[in-house]
Each structure stands twice: as C-alpha cells, then as structure tokens.
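Summary of the model geometry
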Amino acid sequence: MIKKCLFPAAGYGTRFLPATKAMPKEMLTLVNKPLIQYGVEEAVAAGITGIAIVTGRGKRAIEDHFDISYELEHQIKGTSKEKALAPIRQIIDTCTFSYTRQIEMKGLGHAILTGETLIGSEPFAVILADDYCVAEPDPVLLQMVKLFEKYQCSVVAIEEVPAEETYKYGVIDGEEEEEGVFRIRQMVEKPDPSEAPSNLAIIGRYILTPDIFDILRDTPPGRNGELQITDALMTQASEGRVLGYRFKGRRFDCGSVEGFVEATNHCYTNYYKK
Ligand code: G1P
C-alpha cells in the first residue's frame, strides 16, 4: 500500500557545527552507520522500496552513500572487509532512490511539498532521520503502516514528553479510539508549555494522504515564519482524518548532542559490540 518514503534532508544541522560544515547532518554516524541509513532500513522493514530524498546544497554525500563505489568494492573484494558493505549493498539492490533539491529552507511543510514531484498522488511515509527509533518486533514505521491499512487516513507518531518540553515539538490532543490510537482534534506547532493542549508530542514519523500537498499549498507560514506540516495536518484533523499513534519502542533525539550520544551508546552496546 505505502510504496514511498520521503526523507526531508536539506537542513543545516547547526547544533553539530563544525562537524556539519561540509558534511550533511544525515551522514553523522551512530557508530558505523549514518543516521539516514537507519531511516532507510526502517522504511524497507515497513515494505517500502521507493526512497525519495529532499536534499539541498552540500548534500552530495547522501547520493554517493546510496550508490556503488566501484573503486572501493574492487579494493576490498575477497577480503574480510567485504561483509561490512553487504547491508548497504542490499539496500541499493532493493530500493530505488530519487532526489530533488529544496532551494530555500522554508520549513518542514515546505520540504514535504518540495517532495511532491517524487511522490505523486499516493499515500506516503515521511521519516525525519534525526529521530532515531528502535522497536521490536515491528519497527515504528511498520507499526504505522499497519494502522494506516486499517484506518486509511494520515497517521503521526506521538510520545509523551515532559510538559516543559512542548516548545520543541508539534503537540496534539484528541480522543483515544483504541489503546494508544488518538483521533486528533487539535495540533499546535511548538507551543509554550502554558498553551500546549497536552504533553503528547509528534516525533519524526508520518504517514500522509496525498491531499496534504494541496493543503500545504494553501497553508500560510506558521511558527518561525515557516510552512509547518503540523498546521497543514490540522486541516485534515479538523475533519477527523488524522490519527496520533503512541508507538511501541524508543526514540532518540539525534538532533541534539545529548540524544545523539545516548543513541550512539545504545547502538554500540546492542548492535556493534554483540
Ligand atoms: C519537526 C516538526 C515537529 C515535530 C518534530 C519531531 O520539528 O515540525 O512538529 O514534533 O519535527 O522531531 P523540528 O525538530 O524539525 O524543529
């Protein structure tokens, strides 16, 4: 059903400067694998093979990563190092990659609208690679795809955050229809704790129905003067067409240095050292 996943990847990653001066923030690694590869693997685990990436200036390394490196492969052929490339090789063989560039940074909504040319008019997933998620047995996006198959409307991943941190997130309110599934009535981008409708925050996993593109075109700039996906989704939510899904699993905020270090330790202990 969901065949494509959009990765907005044009942002600057200023919190990691100088590391992200010449290198895309999506290429920062948790131990030995770039953040965006974890995201693509999550998409593939959800049955998605159409990978659509919205890039920008200075993001060439992403395209090179999801391509063959003949010289390197030739060098390590027949050695023990070959197996280190097997997972990425598998992704390249399984997926198709398409790219478009966001010329100006005008917000997440604008980045998603820029991706319309790669998506067309079908429901699609969105992964923000700096939210790194771990979940078993089903990865978070697969949990959401299953929910979409049942309800056929937009779905956003949510988690409870400390009340004082609502200013960092899109925040929702709604009625719980089944355990962990909320029919969203209200959503606000980065509200002050005093104005937040709840402490249920949106995290970087979405499934969107394609009418979102027309809605985005008609949505005025919101928080920080940027076109916000949260505001566009509120239009769908006012018609009862957005679900908030409290996913099973754990999410690391790799957009912050603290979250990135925690995720690094998690990957080192659970995957690399084992
Ligand atoms: C974006 C969204 C926000 C969401 C967050 C999840 O914000 O605008 O609604 O809660 O991602 O990571 P950003 O973190 O890009 O400022």
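Everything that follows concerns the structure shown earlier in this document.
Reading the values: rules and limits
- Residues numbered from 1 in each chain as written.
- Predicted model: local features only at pLDDT ≥ 70, side-chain atom pairs only at ≥ 80, totals over all residues.
- Heavy atoms only, no water.
- 1 Å grid on protein atoms, 1.4 Å probe; cavity = no way out; pocket = protein on both sides within 12 Å on 5 of 7 lines; lining within 4 Å.
- Points joined across faces, edges and corners; volume = space filled by probe spheres on them.
- Helix = DSSP H or I, 4+ residues; strand = E, 2+ residues; numbered from the N terminus.
- Buried < 20%, exposed > 50% of the residue type's maximum accessible area, 1.4 Å probe, protein only.
- Salt bridge = Lys/Arg side-chain N within 4 Å of Asp/Glu carboxyl O.
- Pairing = 2+ DSSP bridges.

Approximately 1200 Å³ is the volume found for the largest pocket. The wall of the largest pocket is formed by 42 residues, among which Arg15, Lys25, Leu128, Asp130 and Lys190 lie closest to the centre. Looking at the lining of the largest pocket, the elements with two or more residues in it are helix H5 (108-114), strand S11 (200-208), helix H9 (229-237) and strand S13 (250-253). Considering each element in turn, the lining of the largest pocket owes the most residues, 4 residues, to S11.

Its location among the elements puts aspartate 93 in helix H4 (residues 86-94). Among the residues examined, aspartate 93 registers a relative accessible area of 57% and is labelled exposed. Along the backbone, aspartate 93 and threonine 49 are 44 residues apart, and their C-alpha atoms lie at a distance of 9.9 Å.

This next bit is on unusual backbone geometry. Looking along the chain, the bond that leaves leucine 17 and enters proline 18 is cis, with omega of 10 degrees. That bond from glutamate 136 to proline 137 is cis: its omega, 0 degrees, falls within 30 degrees of zero. Structurally, the position occupied by proline 137 is in the loop between strand S7 (131-134) and helix H7 (140-151). The backbone of valine 31 shows a phi angle near 60 degrees, a positive value even though the residue is not glycine. Looking at the element boundaries, valine 31 is found in the loop between strand S2 (29-30) and strand S3 (33-34). For asparagine 224, which is not a glycine, the phi torsion comes out positive at approximately 60 degrees. Relative to the assigned elements, asparagine 224 resides in the loop between helix H8 (212-217) and H9.

Enumeration over the complete set of coordinates arrives at 24 salt bridges. Its salt-bridge partner being lysine 106, residue glutamate 104 comes within 3.4 Å of it at the nearest N-O pair. The class of glutamate 104 is partly exposed, set by a relative accessible area of 46%. Residue class for lysine 106 comes out partly exposed when judged on its relative accessible area of 39%. Between glutamate 159 and arginine 251 there is a salt bridge; the shortest N-O distance is 3.1 Å. Remark: arginine 251 occurs in strand S13 and glutamate 159 occurs in strand S8 (residues 154-160); sequence separation between them is 92 residues. Glutamate 159 sits in the buried class, given a relative accessible area of 18%. Of the residues examined, arginine 251 reaches a relative accessible area of 12% and is grouped as buried. Linked by salt bridges that have partners in common, Glu73, Arg89 and Asp93 make up one network.

All right, on to the pairing of strand S6 (residues 124-127) then. Because side chains alternate across S6, one face comprises the buried residues Phe124 and Val126, and the other comprises Ala125 and Ile127, equally buried. Bridge analysis of strand S1 (residues 4-8) against S6 gives 2 bridges, and the strand direction is parallel. Looking across to S6, one finds that cysteine 5 is bridged to alanine 125. Note: S6 against S11, 4 bridges, orientation antiparallel. Note that in S11 the partner of alanine 125 across the bridge is isoleucine 207.

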